[in-house]
Amino acid sequence: MDNNLKGGKLVATGSKTCIFNPNIRCKSNKHKKRDKKSISKIAFGDKAEELTNKEKEINDMIARIPGYKKWALIFNDLCKPPGYKDVLKIEKDMLKCLNEESIYELHTDIQSKKDYLFDENSTMLIGEYGGETLGNYFSKKFSDIDNVKDLEREFLKLMKKMKNMFKGLVDLQDYGISHLDIKQNNIIISNNNFKFIDFGTSGKFNNVKHFLERGYHEFLTQRMYYWYPLEYIYASASNKELQKEEEEIEEDGIDDYRKYMDLIIDIFENVGIDIEVYISELIKKYKSMNRKEFYNNEYKDIIKKIDTYSFGMLIPFMLYNNDLLEYVGKSKLLTDFLNLFKFMIHPYHKDRININDAYILFEKLLDKYSTKSKYLASKRSSKKKKSKKRRN
């Protein structure tokens, strides 16, 4: 690989991160080659070093799981990024990073953004680059589908590419780790299979404080984060905050009291779950419970099933976003798989299927419909041959 490789691009941005491909050389190792198969994630801000070290620690844990490369792409190097001028010489997309307004709300000009991004707190992770995200793949493959047969064909292909991730969730569970941010943009395709990326918010199950802080962070926003079960988002809120939530629901209506709530209600409605009744009962339960006892017991069970919920929400969410849920009832294949995802997103953790059982059911469905697909293909091929013989 050319040591002076130029023309890289900004792959993605986060709240305080910019990701580039090919990777940027570390400040302490200017002679390290750049590689199109690698990416650099520059983190900045007062807590950049602390958060990057935590992310690297989780990545190191995952690296010790046998077979992790089948379902995850991780960062394996941590270093300091070079100076702004050195980066700009080879990474023209740095300007795009500097111009990303949503990232730098406190900085109004390029110079202050530049100083912020490349101050002494900045850190950089380097890891393997994958491909397009699950979200982009789904939009590309499913956007023009207008009949059940085509949908079934593409859907089965998608399920086969997702199989390794099911096994990955089982492995993460066994090692006591939660990804904690599973969504379509944190999954990429690599070597014809989908894999998890971005373990920046991940945590060990025994780190209850981490989960409480992450859940409370989401509660304080104006949205309802559809990748998290509501029982997790509300678990960190005080009784006073829950009382205010009840008042806002009564005043604005269940559909509008938080952003995306209407979407969540529609998705659950399509899989036969009345989420409105559940929300009301959940808030009342949390207001009356013994918090200390809850955090020491039931809460630990809740956090163990967050990833199951998030992963289960992927397909219903993407089908809904692409106006394809209407076809589910017309297909036994789609209905069977959607029933599995329904079990995975049950709002109450005690009624939500665990990831081990979900994986077993998924494998059975995949085997059932893959075998059926081969049989039907063989049958169609046989009919074509007979038809040719008759014509001859």
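Residues numbered from 1 in each chain as written. Predicted model: local features only at pLDDT ≥ 70, side-chain atom pairs only at ≥ 80, totals over all residues. Heavy atoms only, no water.

**A word on the overall build of the protein**
Helix and strand counts for the protein stand at 16 helices and 9 strands. Looking at the protein as a whole, 50% of its 392 residues qualify as buried. In the protein, 71% of the contacts between residues at least 6 apart in sequence involve partners at least 24 apart. (Helix = DSSP H or I, 4+ residues; strand = E, 2+ residues; numbered from the N terminus. Buried < 20%, exposed > 50% of the residue type's maximum accessible area, 1.4 Å probe, protein only. Contact = heavy atoms within 4.5 Å.)

**With respect to the confidence of the model for the protein**
This prediction gives the protein a mean pLDDT of 88; 85% of its residues lie at or above 70. Within the model, the stretch residues 1-5 combines pLDDT values under 50 with 15 contacts to residues more than four positions away or in other chains. Ignoring residues within four places in sequence, the model shows residues 101-108, a span with pLDDT below 50, making 17 contacts including any to other chains. (pLDDT = per-residue confidence, 0-100.)

**Focus on the packing of aromatic side chains**
Aromatic ring pairs: the centre-centre distance and the angle between the two ring planes describe each pair. Per the counting criterion, the structure on display carries 22 aromatic pairs. With centroids separated by 6.4 Å and ring planes inclined at 20°, the aromatic side chains of Phe 166 and Tyr 359 adopt a geometry described as stacked. With Phe 166 in helix H6 (residues 148-174) and Tyr 359 in helix H16 (residues 355-391), the pair connects residues that are 193 residues apart, well separated along the chain. An identical accessibility class is assigned to Phe 166 and Tyr 359; each is buried. Pairing Phe 219 with Tyr 234 gives two aromatic rings, centres 5.9 Å apart and planes at 65°, and the pair type is edge-to-face. Taken as a pair, Phe 219 in helix H7 (residues 208-219) and Tyr 234 in the loop between helix H8 (230-233) and helix H9 (239-252) lie far apart in primary sequence, 15 residues in all. As far as the burial class goes, Phe 219 and Tyr 234 line up, both buried. Counting every residue linked through ring pairs, the aromatic cluster contains Phe 155, Phe 166, Phe 196, Phe 311, Phe 337, Tyr 359, Phe 362 and Tyr 369. One residue, Arg 258, lies across the ring of Phe 219, its end atom 5.0 Å from the ring centre. (Phe/Tyr/Trp six-rings, centres within 6.5 Å; stacked < 30°, edge-to-face > 60°. Lys NZ or Arg CZ within 6 Å of the ring centre and 35° of its normal.)

**Section: helix H15 (residues 332-344)**
Between its first and last C-alpha, H15 extends 19 Å over 13 residues, near the 18 Å set by a 1.5 Å rise per residue. Taken residue by residue, H15 has Leu 333, Leu 334, Asp 336, Phe 337, Leu 338, Leu 340, Phe 341 and Met 344 as its buried positions. Measuring from the backbone nitrogen of Leu 333 back to the side-chain oxygen at the start of H15 gives 3.3 Å, which picks out Ser 331 as the cap. (Expected span 1.5 Å × (residues − 1). Polar contact = N/O pair within 3.5 Å; in protein donor to acceptor, adjacent residues only side chain to side chain.)

**Section: the environment of Ile 345**
Inspection of the secondary structure assignment puts Ile 345 in the loop between H15 and H16. According to the relative accessible area criterion, Ile 345 is buried, its value standing at 0%. The contact partners of Ile 345, leaving out residues within four places of it in the chain, are Phe 268, Val 271, Tyr 309, Gly 312, Met 313 and Arg 352.

**A closer look at the side chain of Glu 231**
You can see Glu 231 is positioned in helix H8. Taking relative accessible area as the criterion, Glu 231 reaches 1% and is therefore assigned buried. At 3.0 Å, the side chain of Glu 231 forms a polar contact with the backbone nitrogen of His 349.

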